[in-house]
Amino acid sequence: MNKKLEVLPDITALVGRSLDLILSKLPTAIEQRGRFTIALAGGSTPKPLYEAIAKQKLPWDKIHVFWGDERYVPPDHPDSNELMARQAWLNQVNIPAANIHSVPTLDGYPAVSAAKYEQHLQEFFHSSPQEFPSLDVILLGMGDDAHTASLFPHTPALKVQDRLVTVGNKDGNPRITFTYPFINAADSVIFLVAGANKKPALAEVFAPVADDFTYPSRLIKPQGELWWLLDSAAGSQLPT
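Position numbers for residues count from 1 along each chain, tracking the sequence in the order it is written. Note on the predicted model: pLDDT of at least 70 is required for a residue's local features to be given, and 80 or more for side-chain atom pairs to be given and counted; whole-chain, interface and lining totals, by contrast, use all residues. Side-chain descriptors were evaluated using all non-hydrogen atoms of the structure, hydrogens and water having been removed beforehand.

Let's shift gears to empty space enclosed by the protein. Cavity and pocket criteria rest on a 1 Å grid covering protein atoms alone: a 1.4 Å probe that fits but cannot get out defines a cavity, protein on both sides within 12 Å along at least 5 of 7 lines defines an open pocket, and an atom within 4 Å of a point defines a lining residue. Grid points are joined across faces, edges and corners, and a volume is the space filled by probe spheres set on the points. Summed over the entire model, instances satisfying the criterion amount to one cavity of 30 Å³ or more. In this structure, the largest cavity occupies an estimated 40 Å³ of space. Contributing to the lining of the largest cavity are Ile 22, Leu 23, Leu 26, Phe 36, Ile 38, Ile 53, Leu 58, Ile 63 and Trp 89. The numbering of helices and of strands both runs from the N terminus, where a helix is a DSSP run of H or I of at least 4 residues and a strand a run of E of at least 2. Looking at the lining of the largest cavity element by element, the count peaks at three residues for helix α1 (residues 11-33). Across the lining of the largest cavity, the residue classes tally to nine nonpolar, no polar and no charged. Charged means Asp, Glu, Lys or Arg here, nonpolar means Ala, Val, Leu, Ile, Met, Phe, Trp, Tyr, Cys or Pro, and polar covers whatever is left, Gly included.

Our focus in this paragraph is the side chain of Thr 179. Note that Thr 179 resides in the loop between β7 (173-178) and α5 (180-184). A polar contact of 2.6 Å, which involves the side chain of Thr 179, links it to the backbone oxygen of Arg 163. Working rule for contacts: check all heavy atoms of both residues, and any pair within 4.5 Å makes them a contact. Excluding residues that lie within four positions of it along the chain, Thr 179 makes contacts with Phe 132, Leu 151, Val 160, Arg 163, Leu 164, Val 165 and Thr 166. Distance and chemistry together define a polar contact, namely a pair of N or O atoms within 3.5 Å, with one atom able to donate a hydrogen and the other to accept it when in protein, and with adjacent residues in sequence counting only for side-chain atoms on both sides.

The next subject is the layout of surface pockets. For the largest pocket, the calculated volume is near 420 Å³. Considering the residues around the largest pocket, the lining is formed by 24 residues, among which Gly 42, Gly 43, Gly 141, Met 142 and His 147 are closest to the centre. A class-by-class count of the residues in the lining of the largest pocket yields eight nonpolar, nine polar and seven charged.

UniProt positions are given in the numbering used here, feature names are shortened, and annotations may be inferred rather than shown by experiment. The UniProt record annotates "domain: Glucosamine/galactosamine-6-phosphate isomerase" (unreviewed entry) at residues 12-228. Secondary structure over residues 12-228 splits into 30% helix and 18% strand, and the C-alpha atoms at its two ends are 16 Å apart.

Right, let's talk about the sheet that holds strand β4 (residues 69-71) for a bit. Strand pairing in a sheet is mediated by backbone hydrogen bonds. Such pairs are either parallel or antiparallel. Pairing between two strands is assigned when DSSP locates at least 2 bridges connecting them. Taken together, three strands build an open sheet; the order of strands is β4-β7-β6 and the sheet is antiparallel. Where the open sheet ends on each side, the last strands, each with one partner, are β4 and β6 (165-170). When strand polarity is set aside, the average angle formed by the axes of neighbouring strands in this sheet is 30 degrees. Summarising the sheet, β6 and β7 pair through six bridges and their orientation is antiparallel. In the sheet register, Val 165 faces β7, and the bridge partner there is Phe 178. Comment: axis = line fitted to C-alpha atoms, over the contacting stretch for helices; angle = value between 0 and 180 degrees taken between N-to-C directions.

Looking now at the pairing of strand β5 (residues 137-140). Type-normalised accessible area, obtained with a 1.4 Å probe on protein chains alone, sets the label of each residue: buried when under 20%, exposed when over 50%, and partly exposed for intermediate values. The side-chain alternation of β5 yields two buried faces, one formed by Val 137 and Leu 139 and the other by Ile 138 and Leu 140. Judged from the two bridges that link them, strand β2 (residues 36-40) and β5 form a sheet pairing that is parallel. Residue pairing in the sheet places Ala 39 in a bridge with Ile 138 of β5. Relative to strand β8 (residues 188-193), β5 runs parallel, the two sharing three bridges. Counterpart to Leu 139 in the pairing with β8 is Ile 190.

Okay, the sheet that holds strand β3 (residues 63-67) next. Ordered in space as β1-β9-β8-β5-β2-β3, the six strands form an open sheet in which the pairing is parallel. Here the strands that pair on one side only, and so sit at the sheet edges, are β1 (2-8) and β3. Along the sheet, successive strands turn relative to each other by an average axial angle of 15 degrees, direction set aside. Sitting on the sheet, α1 is in contact with β1, β2, β3, β5, β8 and β9 (225-231), with an inclination near 160 degrees to β9.

For His 126, which is not glycine, the phi dihedral falls at a positive 55 degrees. On the secondary structure map, His 126 appears in the loop between α4 (110-125) and β5. A residue is classified by how much of its surface remains accessible, and His 126, at 71% relative accessible area, is exposed. Backbone geometry places Ala 146, a non-glycine residue, at a positive phi of 70 degrees. Tracing the sequence through the fold places Ala 146 in the loop between β5 and β6.

What follows is the structure, encoded as structure tokens:
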């Protein structure tokens, strides 16, 4: 794992740095594999990043978009991560509909939906059930409880190590989420973290010793690059 921590002055700088990182990885992926795969995060922090990506002139037909987690709501629901990304980015560009890999949330049974998304990923990457395919970039946020994707402290999803996708749980509400071993198979994982309310959790995530199941972001240790991009409010007390 190649771990890098950068503390940026503010959200604008954080967005600019994350955009530069993504754009730097895109040509190589397309040259090597004929496509660029990215999994998106929800929440408010990445929204300006998606708006910035929408303004770029990119080979949209070679970009494939997934989601690292999704609330178990219809795709047109105000809480949907997909809806936010569509409004900020995907609806603004000429990306083929087949390149947008939505999380199924209409089955009524979260476990069924998780299995469907896993099957879709395996078919897309031509991977066997025993394999963890590698996305080019996975974007992650982190909550003030140190959760990431929908991997919340002391929930069953943290113990799933033999699947790509599982059911997360937030205060009794189901989510569909990548598992941490699947996240760790990525070529590049980029955390975008902003706000002073994240300081206590970050201190534990970066501590030499702490409990992974209490601070789930500690479980993210990808085979490729791990980028922590923080604004100054979140990262001012961390050693860079």
